[in-house]
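Survey of secondary and tertiary structure
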Amino acid sequence: MQMRTLGRTGPAVSALGLGGLGMSGAYGTSDRAESIATVHAALDSGVTLIDTGDFYAMGHNESLLAEVLRGRDRDSYALSVKFGMLRGPGSEFGGHDCRPEAVKNFLAYSLTRLGTDHIDIYRPARLDPAVPIEETVGAIKEMIDAGYVRHIGLSEVDAATIRRAHVVHPIADLQIEYSLISRAVEADVLPTLRELGIGLTAYGTLARGLISGHWTAGHTGGPGDSRGFSPRFSSGNVEHNLSLVEALRRVAEAKGHTVAQLAIAWVAAQGEDIVPLVGARTRERLAEALPAMEVNLTADDLAEIEKAVPPGAARGDRYPSAFMSHLGVGN
């Protein structure tokens, strides 16, 4: 497995990371045993970056990871944890809380659930409009000084917020959605990251399965599948978006790759400072994703891919309208 360093000050991690959201019910029912086996397989394959959030099924994902990671060398993997998103008992969204006292409270729970004495990268999941980012980052800095956190990350914020946060303490990376059909980061945010020496961990590289090559119109993951509320998966939009996937499939098959491999490789090819995350929740999907890091795309290949999926070609927002206002950049 290739390694990449997250920014000038962040850790060296595997060039491909594993996201845990899908293992905790976000996309319908998941198989606990298969989820555990998948994380083990990822670690055994050289994946060292594991991404989670304390609100992924209200701590379920952290507890699941604790079971997998128990007994493994703590220096053999890096935990990236998001916090600050409030949920209700029915999984309803309850806003954000990134006050300094909340930062320390959330961290204490995460350390306990994960069964670890430190978090490698700790980040607010979204900007709390009621709390200056300087206060939130300052609180995480205190936790670095106390030995509970190694690095500070951000998630889904704009360039101005990144600059303000970076003044308080060096930011290791920004986690943000970045894929062939979600490229808003390229305008202002990515240049800012590169100016400041901050890495990027790209989630949604397969757009929640939409551009994986496995999704079909009318498909559903069953009860609890959040994609049922996603504009890009809605009737009228999904058919158009899948036509882009078919164009990409023709390019992929001509080069001997799957659609998913080509889509992941495209993100990785956008810069050595970018680490794609994949949300594989089965060993089969993980096994498909891993070879993407060995795909070498030429300038001609990249041009052909962009011809198949031009910037801005997707239909529908990447989140329901109620959540778009919480993002630092758009689609």
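Everything that follows concerns the structure shown earlier in this document.
Anyway, here's the lowdown on the structure attached to this text. (Residues numbered from 1 in each chain as written. Predicted model: local features only at pLDDT ≥ 70, side-chain atom pairs only at ≥ 80, totals over all residues. Heavy atoms only, no water.)

**Let's talk about the packing of helix α4 (residues 133-145) against helix α5 (residues 159-168)**
Put simply, α4 and α5 touch, their axes get as near as 9 Å, and they point 40° apart. Seen along the crossing, α4 lies across α5 with a hand that is right-handed. Residues Ile133, Glu134, Val137, Gly138 and Lys141 of α4 touch α5, and the partners they reach there are Thr161, Arg164, Ala165 and Val168. (Axes fitted to C-alpha atoms, helices over the stretch in contact; angles between N-to-C directions. Helix = DSSP H or I, 4+ residues; strand = E, 2+ residues; numbered from the N terminus. Left-handed = near helix turned anticlockwise from the far one by under 90°. Contact = heavy atoms within 4.5 Å.)

**Notes on empty space enclosed by the protein**
Taken as a whole and assessed by the stated rule, the structure comprises 2 cavities of 30 Å³ or more. Considered as a void within the structure, the largest cavity measures approximately 40 Å³ in volume. Lining of the largest cavity is provided by Glu177, Ala207, Arg208, Leu210, Ser230, Arg232, Phe233 and Arg318. Considered class by class, the residues forming the lining of the largest cavity number 3 nonpolar, 1 polar and 4 charged. Looking at the second largest cavity, its volume works out to about 40 Å³. Lining the second largest cavity we find Leu180, Ile181, Ile211, Leu244, Val245, Leu248 and Val309. Split into classes, the residues belonging to the lining of the second largest cavity amount to 7 nonpolar, no polar and no charged. (1 Å grid on protein atoms, 1.4 Å probe; cavity = no way out; pocket = protein on both sides within 12 Å on 5 of 7 lines; lining within 4 Å. Points joined across faces, edges and corners; volume = space filled by probe spheres on them. Nonpolar A, V, L, I, M, F, W, Y, C, P; charged D, E, K, R; others polar.)

**Side note on the layout of surface pockets**
Here the second largest pocket defines a volume of roughly 200 Å³. Every residue lining the second largest pocket is listed: Asp54, Phe55, Met58, Gly59, Met85, Leu86, Arg87, Phe106, Tyr109 and Arg113. Those elements that place two or more of their residues in the lining of the second largest pocket are β6 (85-87) and α3 (100-114). Its residues placed into classes, the lining of the second largest pocket shows 6 nonpolar, 1 polar and 3 charged.

**Side note on the pairing of strand β8 (residues 119-124)**
Burial analysis of β8 places 6 of its 6 residues in the buried class, which makes it a mostly covered element. Examined bridge by bridge, strand β5 (residues 78-83) and β8 share 4 bridges and lie parallel to one another. Pairing of Phe83 across the sheet is with Pro124, part of β8. In the classification by handedness, the crossover that spans β8, the intervening α4 and the parallel strand β9 (residues 149-155) is right-handed. (Buried < 20%, exposed > 50% of the residue type's maximum accessible area, 1.4 Å probe, protein only. Pairing = 2+ DSSP bridges. Right-handed = clockwise from strand over helix to strand, strands pointing away.)

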